[in-house]
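Per-entry structural report
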Amino acid sequence: MIWRVLVGTVSVVIGMLTLGYVAITEQDRMASFTTSYAARDIEAGAAIYEAQCVTCHGDLGQGGRGPALDDVKLFDGTRTTEIAWTGTVHDFVYLTIAGGRPRPSEYYAALGNANRMPTFSNRFGGPLREDEVLAVTAFVMNWGEAYKDASGQFPQATPTPNPNAAGTDITIELPVGDATRGQALVTSSGCVACHVGPAAGVVAPAWQTAESKDGKGVAAHAEERWSSEGYAGTATSTDQFLFESIVNPNAYITPPGEGATWPAGGPSVMPGTYSTSLLKQDMADIIAYLKTIP
Ligand code: HEC
Ligand code: HEC
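Small disclaimer: the values here were computed from a predicted structure and weren't measured.

For the rest of this paragraph, the subject is the overall build of the protein. If you tally the helices and strands in the protein, you get 13 helices and zero strands. Listing each helix as α and each strand as β along the protein from the N terminus yields α-α-α-α-α-α-α-α-α-α-α-α-α. Taking 294 residues into account, the globule formula puts the C-alpha radius of gyration at 19 Å, and the protein, at 29 Å, lies well above it. When its C-alpha atoms are laid out on the principal axes, the protein stretches across 115 × 40 × 35 Å.

As structure tokens, then:
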């Protein structure tokens, strides 16, 4: 009889200890499941990326026909803030992959890279199942992990101003400009997308006299605008007017003629970043080129 009570007591104690152990370790066990599940998702995503995405985004996400994806700006919120996306970065990536970009966005068109991205979710006629879209999203998001610091935060972007950047002081003395180099720069900087060709005179003032509705190209405009009535900027020469138009587009809004879509009162639709992205030499070269456009 006694030994029965003993066995009963001992087994109850063992049972409770086991339960206690499971209860204590359960969270770790579940967490390790979650981790390995996420790892498998990323792995599956890598295979899909390899098959579907490398041709446009590069094997390391460095970009090509499509934009770079292994870019801290995509993950730290810079990119989503720029386009006023209010959801999470994960959802932005997910939605882009699921729906694609049936039309090139103005953002990349302005950077001289107007391309389309195909739709991937089979909900919208693409080749991937929902779980596959989520897996490749996880794979892309995993690139962002490498940019986080020890506390799991993205370091605050600290822009280090380049001392050779053109800047916004239009009275500085620029180096001697090279018009040939300037011509290449206006293409690589995306200016021509707005100022030359079908968009000229509609999206932005036409540079070429032949495309201009008022019979004057950018060279003639620059010469007369800074001394004309209604000029609100600070330029006191043709060169300064061109400099100012590029680094501070809002100083003076070129009057939109008939059929033009840019707002007369501003804000200018011209990117406001050229003062930091272009160097003094670039500015001199572009100004020299603009003055030679027939
Ligand atoms: C045919 C070329 C092409 C393929 C294939 C392609 N993309 Fe894209 N992708 C683009 C282009 C072009 C853009 C930018 C379009 C735009 O906004 O003008 C883009 C944009 C994106 C963006 C948003 C980036 C941003 O800054 O707006 C993500 C994320 C992305 N692609 C992921 C993928 C993934 C993942 C795959 C594979 C499943 C893929 N893409 C396949 C061309 C492609
Ligand atoms: C997204 C379209 C866009 C891009 C890209 C762009 N511009 Fe403009 N630009 C405009 C618009 C719109 C105006 C007229 C409104 C204003 O005055 O700001 C303008 C005005 C100008 C003017 C004054 C023209 C005049 O006849 O009065 C100059 C000069 C100029 N841009 C140069 C450039 C250069 C150089 C680049 C590239 C480094 C560039 N723009 C890129 C849209 C653009």
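Looking now at the site of ligand 2. Near ligand 2 there are 27 residues, and of these Cys191, Cys194, Ala204, Thr254 and Ser268 occur at the shortest range. For the shell around ligand 2, the elements supplying multiple residues, two or more each, are α9 (192–195), α10 (218–225) and α11 (238–247). Among the residues forming the shell around ligand 2, the class breakdown is 19 nonpolar, seven polar and one charged.

On to α10. Regarding α10, the residues found buried are Val218, His221, Ala222 and Arg225. The arc that holds every buried residue of α10, seen down its axis, measures 100°, which confines them to one face. Elements in contact with the buried residues of α10: α11 and α13 (280–290).

Near ligand 1 there are 26 residues, and of these Cys53, Cys56, Gly66, Ser105 and Met117 occur at the shortest range. Contributions of two or more residues to the shell around ligand 1 are made by α1 (2–52), α2 (54–57), α5 (89–99) and α7 (130–145). Grouping the constituent residues of the shell around ligand 1 by class yields 15 nonpolar, seven polar and four charged.

With domains assigned, the protein is organised as domain 1 (35–145) and domain 2 (179–290). Once you take the C-alpha centre of each, domain 1 and domain 2 turn out to be 34 Å apart. With four residues of domain 1 at the contact, the number on the domain 2 side is four residues. When its residues are assigned to classes, the side of domain 1 that touches domain 2 shows three nonpolar, one polar and no charged.

Now for the packing of α10 against α11. A pair of packed helices can be characterised by two numbers: the angle between their axes and the separation between those axes. The N-to-C vectors of α10 and α11 enclose an angle of 105°; their axes lie 8 Å apart at closest approach. It follows that α10 is roughly perpendicular to α11 by the angle criterion. Contact residues: Ala222, Glu223 and Arg225 in α10; Thr238, Phe241 and Leu242 in α11. Partitioning the contact of α10 with α11 into residue classes produces three nonpolar, one polar and two charged.

Within the secondary structure layout, Ser227 lies in the loop between α10 and α11. For the pair Ser227 and Ser237, spaced ten residues apart in the sequence, the C-alpha separation amounts to 8.4 Å.

Close contact between helix α8 (residues 179–188) and α13 brings their axes to 7 Å; oriented N to C, the two are set at 100°. For the element pair α8 / α13, the angle class is roughly perpendicular. Residues Ala179, Arg181, Gly182, Gln183, Leu185 and Val186 of α8 pack against Asp282, Asp285, Ile286, Ala288 and Tyr289 of α13. Split by residue class, the contact of α8 with α13 holds six nonpolar, two polar and three charged.

For Trp226, the position within the fold is in the loop between α10 and α11. Measuring from C-alpha to C-alpha, the distance between Trp226 and Thr78 comes to 36 Å, with 148 residues separating the pair along the chain.

Take unusual backbone geometry next. The linkage connecting Gly266 with the following residue, Pro267, adopts the cis geometry, with an omega of -5°. Tracing the chain through its elements places Pro267 in the loop between α11 and α12 (274–277). Of note in the backbone geometry, Ala84 takes a positive phi value of approximately 60° without being a glycine. The residue Ala84 is located in the loop between α4 (78–82) and α5 in this model.

Criteria and cut-off values
- Residues numbered from 1 in each chain as written.
- Chains lettered and ligands numbered in written order.
- Predicted model: local features only at pLDDT ≥ 70, side-chain atom pairs only at ≥ 80, totals over all residues.
- Helix = DSSP H or I, 4+ residues; strand = E, 2+ residues; numbered from the N terminus.
- Rg over C-alpha atoms; globule rule 2.2 N^0.38 Å.
- Near = placed C-beta within 6 Å.
- Nonpolar A, V, L, I, M, F, W, Y, C, P; charged D, E, K, R; others polar.
- Buried ≥ 20, exposed ≤ 12 C-beta atoms within 10 Å, placed from the backbone.
- Arc of directions from axis to C-beta.
- Contact = placed C-beta atoms within 7 Å.
- Domains from an automatic or database assignment.
- Axes fitted to C-alpha atoms, helices over the stretch in contact; angles between N-to-C directions.
- Parallel < 35°, antiparallel > 145°, perpendicular 65-115°, else oblique.

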